[in-house]
Amino acid sequence: MDFLHHINPLYVLSGLVLVGLTGVGGGSLMTPLLVLLFGIHPTTAVGTDLLYAAATKTVGTGVHGWSGTVQWGIVGRLAAGSVPATLLTLWFLSRSGAHADSPHGFVTIVLGWTLLVTAIGILFRRTIVNFLVTGRQPLESRQTTAFTIALGVVLGVLVSLTSVGAGAIGMTVLLVLYPKRDVAQLVGSDIAHAVPLTLLAGLGHWMMGSVNWQLLFSLLTGSIPGIIFGSLIAARVPDGVLRPILASTLVLVGGKLLT
């Protein structure tokens, strides 16, 4: 029972609040919260959050898989781009020493800009999708496949560097590429793809020494009741209220990281 003495109640509370109140979108706030509020080194926050996301999204994938809302073809195309991109990004981090950079270095800058783009995706997703889809000729199958793989490449790089982007950015592009697919299927596919992506990237960060296991266990301890709590209140919190709050918070946090 000695491991219980190493659980930080503030980290537990963070996992509880982010998962319980904001759901999947709150994952974008985990890494910057660890950096700005708790003073965790950016790459350690990224590496820890990646394994945290891999664990929590595995549960979500199981739910979507059981419901039949995972399009494994889309998952495979995304992974065809994200897996090699993740490996190359991890290689770059290890060779360049960027993973051990100062708290105001390369990783922090990329994280700040990614949060700003994520905020745009969350707040204006519907407008962006309608603008790009309305009146457009449907893409050919080969084009859709190529763009999906390219999206996987972008997500592989962003997630490996920042642990952010697979949700808001990935879903926005998927809605543009597959406008006739059921939204639940795209959500399920996006979550399913995030599991191997975050696990591979997280293991790479672990091998570079960028994972805090005490922090990881504390976050997971809070996320379990958070999932239960979130499922109970989700229907009572309007999406139109949460999205602007989450997007505004991401803008403020992203701007803080860039200054």
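The shown structure was predicted, so the numbers you read here are calculated from the model rather than taken from an experiment.

Asks: Just checking my understanding: could you explain the confidence of the model for the protein for this structure?
Replies: Put simply, the protein has an average pLDDT of 81, and 79% of its residues get 70 or more. Overall, residues 1-5 carries pLDDT values under 50, and its contacts beyond four positions in sequence, including any with other chains, amount to 1 contact.

Asks: What exactly am I supposed to notice about the packing of aromatic side chains here?
Replies: Geometry of an aromatic ring pair is reported as the spacing of the ring centres plus the angle between the planes. One pass over the structure, following the stated rule, counts 2 aromatic pairs. With a centroid separation of 5.9 Å and 70° between ring planes, the pair formed by Phe92 and Phe106 is classed as edge-to-face. Of this pair, Phe92 sits in helix H4 (residues 72-96) while Phe106 sits in helix H5 (residues 106-133); the two residues are 14 residues apart in sequence, bridging distant segments of the chain. With relative accessibility at 36%, the residue Phe92 sits in the partly exposed group. Summarising the aromatic geometry, the rings of Trp206 and Trp213 are spaced 6.0 Å apart at their centres and angled 85° between planes, so their arrangement reads as edge-to-face. Look at Trp206 and you get partly exposed, because its relative accessible area is 45%. Judged by its relative accessible area of 46%, Trp213 is partly exposed.

Asks: Is there a simple way to think about unusual backbone geometry in this case?
Replies: Keep in mind that most residues, glycine aside, have a negative phi and that most peptide bonds are trans. One non-glycine residue, Ser163, adopts positive backbone phi at about 65°. Within the secondary structure layout, Ser163 lies in the loop between helix H6 (141-162) and helix H7 (168-177).

Asks: So what exactly am I meant to see when it comes to the environment of Pro244 here?
Replies: Structurally, the position occupied by Pro244 is in helix H10 (residues 239-258). Under the relative-accessibility criterion, Pro244 is labelled partly exposed at 31%.

Asks: Is there a simple way to explain the side chain of Asp49 in this structure?
Replies: One can find Asp49 in helix H3 (residues 42-67). Side chain to side chain, Asp49 and Ser163 meet in a polar contact 2.8 Å long.

Asks: Explain a nonpolar patch on the surface to me, please; I cannot follow it from the model alone.
Replies: A surface patch of nonpolar side chains, about 570 Å² in accessible area, is lined by Leu199, Leu203, Trp206, Met207 and Trp213. At 4 residues, the largest contribution of residues to the nonpolar patch is made by helix H8 (residues 183-207). Note on placement: Trp213 falls in helix H9 (residues 213-233).

Rules used throughout
- All residue numbers here refer to positions counted from 1 along the written sequence of the relevant chain.
- Only residues with pLDDT of at least 70 get local features here, since the model is predicted, and only at 80 or more are side-chain atom pairs given and counted; chain-wide, interface and lining totals rely on the full set of residues.
- Note: side-chain values were computed over all heavy atoms of the structure, leaving out hydrogens and water.
- The predictor attaches a confidence to each residue, and that confidence, scored 0 to 100, is pLDDT.
- Throughout, a residue-residue contact means that at least one pair of heavy atoms, one from each residue, lies within 4.5 Å.
- Pairing of aromatic rings covers Phe, Tyr and the six-membered ring of Trp, with a centre-to-centre limit of 6.5 Å; geometry is then stacked below 30 degrees between planes, edge-to-face above 60, and tilted otherwise.
- Numbering of helices and strands runs from the N terminus; a helix is a DSSP stretch of H or I covering at least four residues, while a strand is a stretch of E covering at least two.
- Accessible area is worked out with a 1.4 Å probe on protein chains only. A residue is then buried under 20% of its type maximum, exposed over 50%, and partly exposed in between.
- We call two N or O atoms a polar contact when they sit within 3.5 Å, provided that within protein one can donate a hydrogen and the other can accept it, with sequence-adjacent residues counted only if both atoms are side-chain atoms.
- Nonpolar side chains (Val, Leu, Ile, Met, Phe, Trp, Tyr) within 5 Å and like charges within 9 Å form the patches, drawn only from residues with over 30% relative accessible area and no salt bridge.
- All accessibility values rest on the Shrake-Rupley procedure with a 1.4 Å probe; residue burial counts only the protein chains present in the view.
- Between Lys or Arg on one side and Asp or Glu on the other, a salt bridge is scored when a side-chain nitrogen of the former is within 4 Å of a carboxyl oxygen of the latter.

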